[in-house]
Amino acid sequence: MSPSVLSRTRILKVCVLLLGILLVLALVALSVGAVGIPVGRIVRALAGATTVLSAQDELILFEIRLPRIALAMLVGAALGVAGAAYQALLRNPLADPYVLGVSSGAALGAILSLAFAARVEITTPVAAFVGASATIAVVYFLGHRSGQLAPYTLLLAGVITASFLSALIIFLMNFLSGRDLRGAAYWLMGDLSNASPVGLGWLSGLVLVAIVGVYLVAGDLNLLLGGEPEAAQLGVNIRRTKLAVYLAASLATALAVSVSGAIGYVGLLVPHLVRLLFGSDYRLLIPATALMGAVVLLAADTLARTVIAPSELPVGAVTAVVGAPVFIYLLRRGVGSGGWR
Amino acid sequence: MGQTMRPPAGKARVAATVGFSAVLALSATAQDLRRVVDETGRRVVVPVRVERIVSLAPSLTETLYALGVESRLVGVTDWCNYPPAAKAKPSVGQVINPSLEKIVALKPDLVLGTTAGNRRATVTAIERLGIPLYGFNPRSLEDVLLAIPTLADLLTVPEAGAELEAKLRRRLEAVAARIAARPRPRVLFVLWLEPLMSIGRYTFVHDVLVQAGAESVAERPEDWPRLSLEAVLQQNPDYLILAHSPAVERRLAALRADPVWSQLRALREDRVIVLDDAVLRPGPRIVDAIEQLAHVLHPEAFEPQ
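Summary of the structure given here.

Some points on the pattern of salt bridges
Residue and element names in this part refer to chain B.
Argument step 1. Evaluated as defined, the whole model comprises 26 salt bridges over all chains.
Argument step 2. Ionic pairing is found between Arg265 and Asp238, a salt bridge with its closest N-O pair at 2.8 Å. Residue Arg265 is located in helix 10 (residues 265-268), and its partner Asp238 is located in the loop between helix 8 (229-235) and strand 9 (239-243); the two are separated by 27 residues in the primary sequence.
Argument step 3. Overall, the relative accessible area of 27% leaves Arg265 in the partly exposed class.
Argument step 4. What makes Asp238 buried here is its relative accessible area of 15%.
Argument step 5. We note a salt bridge from Arg285 to Asp276, for which the minimum N-O separation is 3.5 Å.
Argument step 6. Taking relative accessible area as the criterion, Arg285 reaches 12% and is therefore assigned buried.
Argument step 7. The partly exposed category is assigned to Asp276, whose relative accessible area is 36%.
Argument step 8. Three or more residues are tied together by salt bridges with common partners; here these are Glu62, Asp276, Arg281 and Arg285.

Okay, here's the thing in structure tokens:
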């Protein structure tokens, strides 16, 4: 599908469809868990009825499930968009939100905060965000050439930074106590189980900024993927477009990783899934990827907390176990090579 | 009790405070609250009369049963398999990642956790939900013993706590008296094989070894030091000690076939001790593990005279 024939109506239709799926899924996710709460009662409670839920159900619903569902959706949306944006920026269908080392930087920050928890008052998400931001700056510094972000230079800079940071993480983990080691391992796997309503407002605002940031240059991205000289001729400010995409995608990744650890496969897979279903125009791809990312991660997390309830799986394990076969399937259908543009 | 006990100044004070409020508790109603400081230094407000307990660690579950308050235990973890009756209690999931929903649903008025198993993130989340969580921090055998009266006072059964603690201390003294003059064999406690990990100086498992009349070859400051096989070869411990696990026999067979491991004195002379996995649980059965180990290391000390 070429950019010119994409109508606003189509974008709207796809988004409404995905939003509908997301809402139904959210309702299901609200009602299932270690403790079942009937959907009917949840709908009435959400509509404002005050007496339908016991105090205990209310605590479970509003302090545990709702924040966790919101977090899963936000993180899924952020990872999906970051993946789509990096795939375009790096011209590489294998790019995912973690390929440039943002997650390794976040992990290093998180593990430092665990290691020095006794001496430094900093929460793990904040420390992770600081680590991720520093990595974004370093990779930009290493990856640009005469003011331009060149795909291969950027990719190499990111991969090298990521592996260096991973080495530091392994080094540091030797010095963690048993308890913090378990915490760190869970963090590295990706985990949404301790979601809290604190800071959700900030998080959703910033994730929205990042997604809108990529969406605003989506038309330019389409042209850019057709070739840089051609795009320049058509009046695209290549340098600015790339920088905007890099910053917005990195911000989305940093936010996602800081609050949930490194949840794999969502950022790699969701953009491919959306391309397969709805085509590869970035004006549709970006909003659709955001919504599909939210759907996929919410579904994975709901599975993670229900399949062996009351025990839980780390959601990163679910996305990897389901994600790898799906990716292979998409690859066999040729999406991995041709479809991504 | 020998040179292994470190002065437990801070904890003794906390225990004393709790004990005092337990006396007040006898005349209290269910709604009365009191402030305590747990072993990790957190301030916790707990009901004076605790009726519904969720235990987040097997060791704490064992202590509750040993204190005879299991009727008030409403939730345990998947790993709480001792005593066998504990397996029939509702589970809140795994020690490392319990289900917050399930914990809330059990309506506990006190959750018990331990730094030996639970994550900081779990503690923070339960705190946020407004459920009091008392955290234990067993770093030595003395900590394990002192946790018993502390827990008993929290649950207003101070006599049961004092009795259980005294009984365990008497058993430890009996072992100590028997092995006092014996030479101490040098042992390697194998916590994990790939990579090779042992236990460090400041762990209760280390104290188990010393209390049973052994000397650990891994006197390190880390909790779970990783050791090089070279260092182990050089130290050439008299005994290899492992905690029981389903795969332990297969692992030992692999060690006996290994060109390096098989050269260790402990393996050549078949001096491998597989202890009950209670040795890894900072609960009352830790004394069973000490007695078991002392009997194997010093059989002649326990012969009838």
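The structure having been displayed, the exposition proceeds.
As for the interface of chain A and chain B
Argument step 1. Listed as interface residues are 30 residues of chain A and, on the opposing side, 29 residues of chain B.
Argument step 2. Between chain A and chain B the total buried area reaches about 2,600 Å² when both faces are included, carbon and sulfur atoms providing 53% of it.
Argument step 3. Between chain A and chain B we count four salt bridges in total.
Argument step 4. Across the pair Arg119 of chain B and Asp191 of chain A runs a salt bridge, and its minimum N-O distance is 3.3 Å.
Argument step 5. The interface formed by chain A and chain B holds six residue pairs in polar contact (both at pLDDT 80 or more) in total.
Argument step 6. Going through the elements one at a time, helix 3 (55-89) and helix 7 (178-189) of chain A are the ones with two or more residues in the side of chain A that touches chain B.
Argument step 7. It is helix 7 of chain A that contributes the most residues to the side of chain A that touches chain B, seven residues altogether.
Argument step 8. When grouped by side-chain class, the residues that make up the side of chain A that touches chain B number 12 nonpolar, 10 polar and eight charged.

Side note on the nonpolar core
Argument step 1. Of all hydrophobic cores here, the largest spans 120 residues; its most connected members are Tyr86, Leu100, Tyr246, Ile263 and Tyr282 of chain A.
Argument step 2. Here this core takes 18 residues from helix 3 of chain A, the largest share from any one element.
Argument step 3. The contact partners of Tyr282 of chain A, leaving out residues within four places of it in the chain, are Ala84, Gln87, Ala88, Ala218, Leu221, Asn222, Leu225, Arg275 and Pro287 of chain A.
Argument step 4. Residues Ala86, Ile148, Ile290 and Leu297 of chain B belong to the second largest nonpolar core, which totals 58 residues.

Describing the sheet that holds strand 4 (residues 73-75) of chain B
All names here are of chain B.
Argument step 1. The four strands are arranged 4-3-5-6 in an open sheet whose pairing can be described as parallel. The sheet is open, and its two borders are formed by strand 4 and strand 6 (133-136), each paired with just one other strand. Neighbouring strand axes in the sheet, compared pairwise and without regard to direction, differ in orientation by 35° on average.

Quick word on the packing of helix 13 (residues 282-306) of chain A against helix 14 (residues 315-332) of chain A
All names here are of chain A.
Argument step 1. One can describe the packing of helix 13 onto helix 14 by two numbers: an axis separation of 8 Å at closest approach and a directional angle of 115°. Considering their axes alone, helix 13 and helix 14 lie roughly perpendicular with respect to each other. Note on packing geometry: the crossing formed by helix 13 with helix 14 is right-handed. Note on element contacts: helix 14 touches helix 13 through Val315, Val318 and Thr319, opposite Leu297, Ala300, Asp301, Leu303 and Ala304.
Argument step 2. In terms of residue class, the contact of helix 13 with helix 14 is made up of six nonpolar, one polar and one charged.

Details of unusual backbone geometry
Argument step 1. In this structure, Pro83 of chain B follows Tyr82 of chain B across a cis peptide bond, with omega equal to -10°.
Argument step 2. Turning to its location among the elements, Pro83 of chain B is positioned in the loop between strand 4 and helix 3 (100-105).
Argument step 3. Look at Arg91 of chain A: it is not a glycine, yet its phi comes out positive at around 50°.
Argument step 4. Relative to the assigned elements, Arg91 of chain A resides in the loop between helix 3 and helix 4 (102-115).
Argument step 5. One non-glycine residue, Asp270 of chain B, lies in the positive phi region at around 55°.
Argument step 6. By the secondary structure assignment, Asp270 of chain B is in the loop between helix 10 and strand 10 (272-275).

Cut-offs and rules
Residues numbered from 1 in each chain as written. Chains lettered and ligands numbered in written order. Predicted model: local features only at pLDDT ≥ 70, side-chain atom pairs only at ≥ 80, totals over all residues. Heavy atoms only, no water. Salt bridge = Lys/Arg side-chain N within 4 Å of Asp/Glu carboxyl O. Helix = DSSP H or I, 4+ residues; strand = E, 2+ residues; numbered from the N terminus. Buried < 20%, exposed > 50% of the residue type's maximum accessible area, 1.4 Å probe, protein only. Contact = heavy atoms within 4.5 Å. Buried area = accessible area lost by both parts, 1.4 Å probe. Polar contact = N/O pair within 3.5 Å; in protein donor to acceptor, adjacent residues only side chain to side chain. Nonpolar A, V, L, I, M, F, W, Y, C, P; charged D, E, K, R; others polar. Core = buried A, V, L, I, M, F, W, Y, C linked by side-chain atoms within 4.5 Å. Pairing = 2+ DSSP bridges. Axes fitted to C-alpha atoms, helices over the stretch in contact; angles between N-to-C directions. Parallel < 35°, antiparallel > 145°, perpendicular 65-115°, else oblique. Left-handed = near helix turned anticlockwise from the far one by under 90°.

Fair warning: the whole summary comes from geometry, so function is off the table for now.
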